[in-house]
Amino acid sequence: MLRFLLPLALAAVPAAADAHAFLDHAVPPVGATVAAAPPQVELFFTQDLEPAFSGATIAAVDGRPVAAGAATVAPQNRAALVLRLPPLSAGTYKVSWHAVSVDTHRTEGSFSFTVGP
Amino acid sequence: MTLPRATALGAACAVLAAPFLSTTAAAHGFAGERFFPATLLTDDPFVADELSLPTLTFDPTAADGSKTIDLDIDLSKRLTPDIGITLSQGWQHLKVPGMPGVTGLTGFSAELDWQFLRDAPHEASAVLGLHTSWAHTGRVQALGADDFTTLSPLVNFGKGFGDLPTTMPWLRPIAVTGNLSVDFPTKTESAGSPNPNNLNYGFAFEYSLEYLQHHVKDVGLSAPFDRMIPLVEMAFTTGLNRGAGGQTTGTIQPGVIWSGQYFQLGAEAIIPVNAASGHGLGAMLQLHFYLDDIFPNSIGKPLFGD
């Protein structure tokens, strides 16, 4: 049976196909506590992104505003979003992202990280 | 319950659900940040363009001592972003004690679903549908196919717990899906045996390591573990009348699903819940393709309204 199914499975997956973009990892890491405020948040996805329809925002969980710039797709890595940050004080921050992969599938997510001891 | 009453119940549910009608389209099993995999036993709370090829089931030994192996194919196709159909066909090997084994196609079934709820903030999703198992389909001579059609109005739902407070981080990867349906056979008896109405209900309790790793806390999981969803599924059928009232059969199925970019793999053990459900252990294996990811510009999108 595997002799029949495996070639069928492989044939069904075109090499050039794209798919939903899942978050692969982030810097700072998801849920991490970092000692020093990071200058930026980097989000690395499993698929290349459409820059015009992908983005990220950041907010302090206690409601303090964070004047971050607009997130951009890294020119050297279209599967990465970069969000430049102003100097962050100690506290917990929530990053919310939305991603549209190059085949137009949309995904979204969020996570927190903490600056401080 | 009669069929007209069932129809009225479905209409009432639709009216009650109207305020929650989804207005955006999304393929796959997403509700906000939550990804619901296609579970092996519990019907999915979303419409999708997906293909199970195959689902291989080694059933526990039945109460009468017979053993079966099933190989099923299920094709789900969205007609619109919120309405989809599923066509199912199976092949079965049946061995009854003292008899030679027989094989053949099982009955054909079809299902029409309407996804009336897709609530992103609360990671909730639900469908109303009608499942139909058609009479006189399959290899009738070998397997004794039903001479009646069974209509089963259904509701499937899913809820992720990512909206729990951040003070409970380890519970946020949990999700529950479930289904509820009632069987209405078109003949009350066949060859002297009654065909009861049945109540079908089931649940899947999932713990998404993908959600944990990428939405809650990076705990250092790498492939393939960061795309795994351990789960326990359970499904029950309770007879409602015609001599079967109160009789319940069912299975509990612990297992794991790995979800990739284009397909997922699932494996579960099958544990009968009582003697009437069989004895011993069984197993279920599934290879499941995401057609919307594999063919995003052709058969992987809705026929209308995308």
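Treat the numbers as computed from the prediction; the structure is a model and nothing was measured.

Draft legend 1. Structural context of the pairing of strand 8 (residues 124-133) of chain B. All names here are of chain B. Strand 8 sits mainly inside the fold: seven of its 10 residues count as buried. In terms of strand pairing, strand 7 (residues 109-119) meets strand 8 through 10 bridges, oriented antiparallel. Counterpart to Ser-109 in the pairing with strand 8 is Ser-133. Remark: four residues form the turn of the hairpin made by strand 7 and strand 8, two consecutive strands paired antiparallel; Glu-123 in that turn has positive phi of roughly 50°. Pairing of strand 8 with strand 9 (residues 150-160) involves 10 bridges; the strand directions are antiparallel. Each bridged residue has a counterpart across the sheet, and for Ala-124 the counterpart in strand 9 is Lys-159.

Draft legend 2. Expanded view of the pattern of salt bridges. All names here are of chain B. Taken as a whole and assessed by the stated rule, the structure comprises eight salt bridges over all chains. Between Asp-49 and Lys-77 there is a salt bridge, and its shortest N-O distance comes to 2.7 Å. Placement of Asp-49 in the loop between strand 2 (34-35) and strand 3 (50-58) and of Lys-77 in strand 4 (residues 67-78) is noted, with a sequence separation of 28 residues between them. Asp-147 is paired through a salt bridge with Lys-187; the nearest N and O atoms lie 2.9 Å apart. Of the two residues, Asp-147 sits in the loop between helix 2 (140-143) and strand 9 while Lys-187 sits in the loop between strand 10 (174-185) and strand 11 (189-190), which places them 40 residues apart along the sequence. Among the residues examined, Lys-187 registers a relative accessible area of 34% and is labelled partly exposed. Where salt bridges share partners, they join Asp-49, Lys-77 and Arg-78 into one cluster.

Draft legend 3. Geometry of the packing of aromatic side chains. Following the criterion strictly, the structure yields 12 aromatic pairs over all chains and no others. Here the aromatic rings of A:Phe22 and B:Phe35 are separated by 5.9 Å at their centres, their planes lie at 90°, and the arrangement is edge-to-face. Note that A:Phe22 is positioned in the loop between helix 1 (2-11) and strand 1 (23-27) and B:Phe35 in strand 2, a pairing that runs across two chains. Its relative accessible area of 6% is what places B:Phe35 among the buried residues.

Draft legend 4. Layout of unusual backbone geometry. Residues and elements named next belong to chain B. The residue after Leu-53, namely Pro-54, is reached through a cis peptide bond having omega 0°. Counting through the fold element by element, Pro-54 comes out in strand 3. The residue after Ala-223, namely Pro-224, is reached through a cis peptide bond having omega 0°. Its place among the elements puts Pro-224 in the loop between helix 3 (209-216) and strand 14 (228-239). Phi at Glu-123 takes a positive value of approximately 50°, unusual for a residue other than glycine. Residue position: Glu-123 is located in the loop between strand 7 and strand 8. On the accessibility criterion, Glu-123 (3% relative accessible area) is buried. Even without glycine at this site, Arg-242 takes up a positive phi of about 50°. Locating Arg-242 in the fold gives a position in the loop between strand 14 and strand 15 (248-259). You can call Arg-242 partly exposed: its relative accessible area is 32%.

Draft legend 5. Region of the structure containing the environment of B:Lys77. Residues and elements named next belong to chain B. With a relative accessible area of 15%, Lys-77 lands in the buried category. The spacing of Lys-77 and Ala-275 is 198 residues in sequence and 37 Å in space, taken between C-alpha atoms. When neighbours within four sequence positions are excluded, Lys-77 is seen to be in contact with Ala-48, Asp-49, Ile-83, Gly-84, Ile-85, Ile-299, Lys-301, Pro-302 and Leu-303. Within the structure, Lys-77 has its side chain in polar contact with the backbone oxygen of Ile-299 (distance 3.3 Å). Polar contacts involving the side chain of Lys-77 include one to the main-chain carbonyl oxygen of Lys-301, which spans 2.7 Å.

Draft legend 6. Spotlight on the sheet that holds strand 5 (residues 72-73) of chain A. Residues and elements named next belong to chain A. Taken together, four strands build an open sheet; the order of strands is 1-3-6-5 and the sheet is antiparallel. Here the strands that pair on one side only, and so sit at the sheet edges, are strand 1 and strand 5. Here four bridges tie strand 1 to strand 3 (residues 40-45), and the two strands are oriented antiparallel to one another. The partner of His-25 across the bridge, within strand 3, is Phe-44.

Draft legend 7. Region of interest: the confidence of the model for chain A. Per-residue confidence for chain A gives a mean pLDDT of 86, with 85% of residues at or over 70. Confidence over residues 1-17 of chain A falls short of pLDDT 50; this stretch has 16 contacts with residues more than four positions distant or in other chains.

Here is what the cut-offs are and how they apply
Residues numbered from 1 in each chain as written. Chains lettered and ligands numbered in written order. Predicted model: local features only at pLDDT ≥ 70, side-chain atom pairs only at ≥ 80, totals over all residues. Heavy atoms only, no water. Buried < 20%, exposed > 50% of the residue type's maximum accessible area, 1.4 Å probe, protein only. Helix = DSSP H or I, 4+ residues; strand = E, 2+ residues; numbered from the N terminus. Pairing = 2+ DSSP bridges. Salt bridge = Lys/Arg side-chain N within 4 Å of Asp/Glu carboxyl O. Phe/Tyr/Trp six-rings, centres within 6.5 Å; stacked < 30°, edge-to-face > 60°. Contact = heavy atoms within 4.5 Å. Polar contact = N/O pair within 3.5 Å; in protein donor to acceptor, adjacent residues only side chain to side chain. pLDDT = per-residue confidence, 0-100.

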